[in-house]
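Report on the structure
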Amino acid sequence: MKIIKAVYKTSAVDKKGLLNDGLPEFAFVGRSNVGKSSLINSLVGQKRLAKTSSTAGLTKMVNYFEINDNFRFVDLPGYGFAKVGKGRLDVWASLMAEYLEGSQSLLTVFILLDCRIVPTNLDKDMITYLIYHNIPFRLIATKCDKLSKSALNKAIDIIAKELNVRKEIIIPTSSSNRQGVDKLLEYMDAVLEANK
């Protein structure tokens, strides 16, 4: 698949703003500062489509990006940031649940994991949540350019063991050198084709 057009569509701050118009969607979720926005920008070949920040927890809304006029990327709020009050955390967690459980167009959730960090309980909780709600997901290891090949293989083994999954379902990526981008796009292409 080649992405030739990618535009920001809208952001939802509450349930009323969530889109449900039938356009297929791929959602991106992960701990704060795991590289969701950077990966989306790398996939679409743009530097500033999704806003990136060194400040954890910048994504506080459900952000929609329309791709090739026929499907969407959905950037979900990062989990695990602490520089806000519990009330706001509850609102964002509730909004994410409204999206994940309510979307009729969601094809796959990509759970992003920093390859250098052992998966946290929050990562495990997200996987358990998606399995419970029968929502398809794939695991994406980010920032893989930061490790040597042997260190990356070891890191992927650790992630697989910690999450009790086969390492084959983990896609190693890097937004800096575009590692894994083509593989991820091929996966999306196959899912779109299967869901026509």
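Above this text you will find the structure in question.
Residues numbered from 1 in each chain as written. Predicted model: local features only at pLDDT ≥ 70, side-chain atom pairs only at ≥ 80, totals over all residues. Heavy atoms only, no water.

**Section: the overall build of the chain**
When you go through the chain residue by residue, the secondary structure sums to 5 helices and 7 strands. Beginning at the N terminus, the succession of helices and strands in the chain can be written as β-β-α-β-β-α-β-α-β-α-β-α. Out of the 196 residues in the chain, the part that is buried amounts to 46%. Counting only contacts in the chain whose residues sit at least 6 apart along the sequence, the fraction spanning at least 24 positions is 74%. Surface exposure of the chain reaches about 10,200 Å², of which carbon and sulfur atoms provide 50%. (Helix = DSSP H or I, 4+ residues; strand = E, 2+ residues; numbered from the N terminus. Buried < 20%, exposed > 50% of the residue type's maximum accessible area, 1.4 Å probe, protein only. Contact = heavy atoms within 4.5 Å. Areas by Shrake-Rupley, 256 points an atom, 1.4 Å probe, with all protein chains shown as cover.)

**Remarks on helix α5 (residues 181-194)**
Under the 1.5 Å per step criterion, the end-to-end length of α5 is 20 Å for 14 residues, consistent within 8% with the ideal 20 Å. Listing the buried residues of α5 in full gives Val181, Leu184, Leu185, Met188, Val191 and Leu192. Taken down its axis, α5 places every buried residue within 120° of arc, on the same side. In α5, the exposed residues that point more than 90 degrees away from the buried face are Asp182, Glu186 and Ala194. (Expected span 1.5 Å × (residues − 1). Arc of directions from axis to C-beta.)

**Some words on the environment of Tyr79**
Mapped onto the secondary structure, Tyr79 falls in the loop between β4 (71-75) and α2 (86-102). Tyr79 gets classed as buried once you look at its relative accessible area, which sits at 9%. Distance in space between the C-alpha atoms of Tyr79 and Asp123 is 8.8 Å, their sequence separation being 44 residues. Sequence-distant contacts of Tyr79, that is, excluding residues within four places in its chain, are made with Val29, Gly30, Arg31, Ser32, Ile111, Leu122, Asp123 and Met126.

**Quick look at the packing of helix α1 (residues 36-44) against α5**
Their axes nearest at 10 Å, the elements α1 and α5 cross at an angle of 80°. One way to sum up the angle between α1 and α5 is to call them roughly perpendicular. Along the contact surface, α1 presents Leu39, Ser42 and Leu43, while α5 presents Val181, Leu184, Leu185 and Met188. Looking at the contact of α1 with α5 residue by residue, the classes come out as 6 nonpolar, 1 polar and no charged. (Axes fitted to C-alpha atoms, helices over the stretch in contact; angles between N-to-C directions. Parallel < 35°, antiparallel > 145°, perpendicular 65-115°, else oblique. Nonpolar A, V, L, I, M, F, W, Y, C, P; charged D, E, K, R; others polar.)

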